There are 2 protein chains.
Amino acid sequence: MNEIWSLNRGLVSAADLSISASDRGFTLADGVFETVRAHGVRPLWLDDHFARFRQSASVFGIPVPLSDAAIADGLIDLLKASAHRQSALRLTLSRGPSEKRGLWPPSLPMTPTLVATVAKLPTPSAPLRLWTAKGTRRNEHSPLARVKSLNYGDNLLARREAIAHGMDDALMLNTTGRAACATVANLFLRIEGRWCTPPVSDGALPGLARQRLLRTLDADEIAITPLDVGNASAGFLSNSLAVVPIQEIDGRGLDDFGTLLEKLCLFESQ
Amino acid sequence: MNEIWSLNRGLVSAADLSISASDRGFTLADGVFETVRAHGVRPLWLDDHFARFRQSASVFGIPVPLSDAAIADGLIDLLKASAHRQSALRLTLSRGPSEKRGLWPPSLPMTPTLVATVAKLPTPSAPLRLWTAKGTRRNEHSPLARVKSLNYGDNLLARREAIAHGMDDALMLNTTGRAACATVANLFLRIEGRWCTPPVSDGALPGLARQRLLRTLDADEIAITPLDVGNASAGFLSNSLAVVPIQEIDGRGLDDFGTLLEKLCLFESQ
């Protein structure tokens, strides 16, 4: 991360930009974000990302302090400066610094913090080994399951648990014990010959890649129990950066169907 | 907030200290905190706070980069500089900046961020009107319900919902519909002549004031349903800063028993 774009200062060196220690994004996870894939200086699915970004911000009641077009200009400036062939952008909005302590209300007037960072798109991951997290659950009762907020603590604990068990990522169950998602991606499983993915009401983030894949694969949004997971013949994870096959879940190997994912051209077709 | 203490820089003006925009406390709520009441330059219950702080940090696997004694010295320096008669300290630890994007692993070596802020202790609150939050639930399945992490999104949404309905704070239910806590405090209710508080297994934070009040009041840790809430004759909220009576819940008035709380001398007895 070398360059960073911010609402107040435009494009600067990352080392030159910092956040107030009283920023409510830092003290209370009072903020939201989007992760956007870019090819050259072209961000993909930008209208959809902005729509979800504003939806996430509205759940918190944080005003987005710029127009979509102005934010897009900032992202493109950032992409030009970084010059990766393919990039992962991250756009973060918090309610901003508050002199006043405590949960609510903050001190007024608030000045939201808006920053964007860029990194080279990670090379495609090898097929993943998943571990069903035991230590925590996805809270499908929370609006935070349906927006991209800064509150990633549970996902982080689940991921660390999976890695501690020698696996790559965690399959997260919701509070009723049904499959919800992985820690930074939606989950698709091939069950009885159909592609299936957990419904948003079970704690799945309404992911932008998920939405496209539901159509392309004619997949079912359907409750997935651990028994169903045990019967899945194949699976993959999706987010706005990549689609990655699942190699095994809890030690049970799944079928290789990698060529299908290549044929989807999910990101190239943009 | 005028002064701030940090691991790397000691005591500085708050305006002079800032956090990297890549700090995982800001990007992913990857961190923990404690709120400590202080009288003059004397922090209360400090051993208990440090024990819970280290417990919280261990859940995330974040090393606490200083001894308790060295952190206490920092807090006392901060109290001396602020010169409030009574203060609210906040000690925040995050995993620190990470050049590497994504949930896990971070870039190595990590240098945790440790900062402390101080504010004048708020004047005692008037008795509170509570609203049972409808929009979100406390996730009792998560270890984050039992430690003080930066992930305050759900509590914030619940508080904002209560205020939008003209109330002061929210009563949060857990995913099974039982009472768990308020948004920054534990809940005690007088039910059938006994003081009761939700068990940690129902999503209550094991609060330090709660622990003392359980003993002092000979209270019961017991599951509390909305029906029980409707039958409560009196109630109060407790955290490390204050104990505040509940005036009403969802529009139903509770008994005034304020003198009991004064007699407890919860904070003065230290």
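Source: prediction; values computed, not measured.

Definitions and limits used
- Residues numbered from 1 in each chain as written.
- Chains lettered and ligands numbered in written order.
- Predicted model: local features only at pLDDT ≥ 70, side-chain atom pairs only at ≥ 80, totals over all residues.
- Heavy atoms only, no water.
- Least-squares fit on C-alpha atoms with pLDDT ≥ 70 in both.
- Contact = heavy atoms within 4.5 Å.
- Helix = DSSP H or I, 4+ residues; strand = E, 2+ residues; numbered from the N terminus.
- Buried < 20%, exposed > 50% of the residue type's maximum accessible area, 1.4 Å probe, protein only.
- Buried area = accessible area lost by both parts, 1.4 Å probe.
- Salt bridge = Lys/Arg side-chain N within 4 Å of Asp/Glu carboxyl O.
- Polar contact = N/O pair within 3.5 Å; in protein donor to acceptor, adjacent residues only side chain to side chain.
- 1 Å grid on protein atoms, 1.4 Å probe; cavity = no way out; pocket = protein on both sides within 12 Å on 5 of 7 lines; lining within 4 Å.
- Points joined across faces, edges and corners; volume = space filled by probe spheres on them.
- Nonpolar A, V, L, I, M, F, W, Y, C, P; charged D, E, K, R; others polar.
- Pairing = 2+ DSSP bridges.
- Axes fitted to C-alpha atoms, helices over the stretch in contact; angles between N-to-C directions.

Student: Can you help me understand the relation of the copies chain B and chain A in this one?
Tutor: Each of the two chain copies can be brought onto the other by rotation about an axis and movement along it. Between chain B and chain A, which share one sequence, the superposing operator has a rotation angle of 180° and an axial displacement of 0.0 Å; the RMSD is 0.0 Å. The superposition of one copy onto the other is thereby described by a two-fold rotation axis. When C-alpha positions in chain B are compared against the rotation axis, the closest is assigned to B:F26, at 2.1 Å. Counting the interface residues of chain B, we find that 100% of their copies in chain A are interface residues as well, pointing to one common contact surface.

Student: Even after reading the chapter, I still don't get the environment of B:L78, so can you show me in this structure?
Tutor: Residue and element names in this part refer to chain B. Tracing the sequence through the fold places L78 in helix α3 (residues 68-82). Residue classification places L78 among the buried residues on the basis of a relative accessible area of 0%. Residues L78 and A14 lie 64 residues apart in sequence; the distance between their C-alpha atoms is 11 Å. In contact with L78, not counting residues within four places along its chain, are E3, I4, W5, L11, L89, A116, T117 and V118.

Student: Would you mind showing me how to read the interface of chain B and chain A here?
Tutor: By a widespread convention, an interface's size corresponds to the accessible area lost as its parts come together. Across the boundary between the two partners, chain B contributes 57 residues, which contact 57 residues of chain A. For the pair chain B and chain A, the two sides together bury roughly 4,600 Å², of which 64% comes from carbon and sulfur. Looking only at chain B, the three residues that lose the most surface to chain A are B:F26, B:R101 and B:L103, adding up to 17% of its buried area. Where chain B packs against chain A, one counts zero salt bridges. In this structure, the connection of chain B to chain A is made through 19 residue pairs in polar contact (both at pLDDT 80 or more). Only β3 (18-20), α1 (24-28), α2 (46-60), β6 (86-94), β7 (113-120) and α4 (153-164) of chain B provide two or more residues apiece to the side of chain B that touches chain A.

Student: What should I look at first to understand the layout of surface pockets in this one?
Tutor: In this approach the atoms are scanned with a rolling probe the size of a water molecule, which exposes any empty space left behind. Residues and elements named next belong to chain B. Here the second largest pocket is characterised by a volume of approximately 230 Å³. Looking at the second largest pocket, it is lined by 15 residues, and the ones nearest its centre are N8, L17, S18, I19 and T113. Mapped by element, the contributors of at least two residues to the lining of the second largest pocket are β3 and β7. Classifying every residue of the lining of the second largest pocket gives seven nonpolar, six polar and two charged.

Student: How do you make sense of the pairing of strand β15 (residues 243-249) of chain B when you look at a structure like this?
Tutor: When a strand is regular, its side chains alternate between the sheet's two faces. Residues and elements named next belong to chain B. Along β15, five of the seven residues are buried, which leaves the element largely enclosed by surrounding structure. Across three bridges, strand β8 (residues 128-132) lies against β15 in parallel orientation. Across the sheet, residue R129 finds its bridge partner in β15, namely E248. One ladder, built from three bridges, connects strand β14 (residues 234-238) with β15; its direction is antiparallel. Counted as the bridge partner of L237 is V244 from β15. Two elements, β15 and strand β16 (residues 252-253), share two bridges in a ladder whose sense is antiparallel. Directly across from E248, in β16, lies its bridge partner G253.

Student: Help me out: how do you make sense of the sheet that holds β7(B) in this one?
Tutor: Strand pairing within a sheet occurs via backbone hydrogen bonds; the two strands may be parallel or antiparallel. All names here are of chain B. With antiparallel pairing, six strands are arranged side by side in an open sheet as β2-β1-β7-β6-β4-β5. At either end of the open sheet lies a strand with only one pairing partner, and these are β2 (10-13) and β5 (42-43). Here α2 sits on the sheet in contact with β4 (31-39), β5, β6 and β7, set at roughly 175° to β4. Most of the contacts of α3 go to strand β1 (residues 3-6), to which it runs at about 170°, and overall it touches β1, β2, β4, β5, β6 and β7.

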